[in-house]
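A closer look at the structure
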Amino acid sequence: MATKKMSWDEAIIQVLTENGGVMHYRDIADAIAEKGLRTQEDMGATPANTVNVILHSDKLKGKVASTGERGKYVLTSILQQNPILAPATPSEDDEDDEGDVRDAMISAFGRFWDRAIFEKNESRLYGINFLAGPKNNNISGVDFSEHPGIYMLHKGYQVIYVGQATHLCERLNYHTTKDLRNRWDNFSWFSIKDISNDNEECKDRLFSDASLLDTLEALLIETLGPERNKKAGNEFIDKEFEQITQAEYYKRLAQGKRKK
């Protein structure tokens, strides 16, 4: 294990340096975890998504370059030594790739969460991702209460109301006391706030036409569940969170602190 916790950019540079070649951002995230460059808790809920964003941050500007192949990166110094790795049209491919990184419009979502558990949790949204692979199974829970996004109120499996919120928990809590208070028993939500270690919202985000279409398709597939669609929405792979209780959330939080 690393004796000193590295920042994301430091860990990415070390992994790419040791690898000496081209790597996909998901492989970079896996290598950071395997080498213990960051603690399990500090890896966050979706480490691959975090690496994806950090690769285009100012901290790595000029140090890491896209190869032009979707999701793959290399140290600029290695690229200079091996020009064959460079894309045929760097400016266009770099722009498209950066847009692809930033345009993950839906960062996380939960389907058919129980209203009773939501209220028992003091109107907080606690979730955990069990679908992103074994490395994420023991992460601390995530509190989505103050995330902006879209939500749906359900009566059984029927959608009775769709809305948007700057703070999901505030809006959902509103519906427990107003006109719809007796009309819904579960809900779905879709967050547009990036999930990273510091849980800060990504600003000045760019969205490509392809991402917009992927997101609209994914929302319809995941919420309507058409019987002929055999795949999940493109934008929703590994992004679903399951509802947990407040007790479970704080238990995992305490376990994560003890592991530090």
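One numbering rule holds for all chains: residues counted from 1, following each sequence as written. Two thresholds apply to this predicted model, a pLDDT of at least 70 for residue-level local features and 80 or more for giving and counting side-chain atom pairs, whereas whole-chain, interface and lining totals are computed over all residues. Calculated side-chain values reflect all of the structure's heavy atoms, with hydrogen atoms and water omitted.

Where helix H2 (residues 25-34) contacts helix H3 (residues 47-54), the axes come no closer than 8 Å and their chain directions differ by 115°. If you check the angle between H2 and H3, you find them roughly perpendicular. In this structure, H2 crosses over H3, and the sense of that crossing is right-handed. Here Tyr25, Arg26, Ile28, Ala29 and Ile32 of H2 come into contact with H3, specifically with Pro47, Ala48, Val51 and Asn52. Note on method: axes are straight lines fitted to C-alpha atoms, helices fitted across the in-contact stretch only, with angles between N-to-C directions ranging 0 to 180 degrees. Numbering of helices and strands starts at the N terminus; helices are DSSP runs of H or I of at least 4 residues and strands are runs of E of at least 2. What sets the label is the angle itself: under 35 degrees gives roughly parallel, over 145 gives roughly antiparallel, 65 to 115 gives roughly perpendicular, and the rest give oblique. Should the near helix be turned counterclockwise from the far one by less than a right angle, the crossing is left-handed, whereas a clockwise turn marks it as right-handed. It only takes one pair of heavy atoms within 4.5 Å for two residues to be counted as in contact.

Let us now look at the sheet that holds strand E6 (residues 142-143). Pairing within the open sheet is antiparallel, and its three strands lie in the order E6-E5-E10. If you trace the sheet from one side to the other, it starts and ends with E6 and strand E10 (242-243), each paired once. Of the strand pairs in this sheet, strand E5 (residues 126-128) and E10 are connected by two bridges, and their pairing is antiparallel. Bridging across to E10, Gly127 finds its partner in Gln243. Between any two strands, at least two bridges found by DSSP are needed for them to pair.

So, about the sheet that holds strand E1 (residues 23-24). Spatially, three strands are ordered E1-E3-E2 in an open sheet, and the strand pairing comes out antiparallel. Unpaired on one side and paired on the other, E1 and strand E2 (64-66) mark the two borders of the sheet. In terms of strand pairing, E2 meets strand E3 (residues 72-75) through three bridges, oriented antiparallel. Residue pairing in the sheet places Val64 in a bridge with Leu75 of E3.

At Glu122, a residue that is not glycine, the phi angle is positive and equals roughly 60°. By the element assignment, Glu122 lies in the loop between helix H6 (115-120) and E5. For Ser123, which is not glycine, the phi dihedral falls at a positive 60°.

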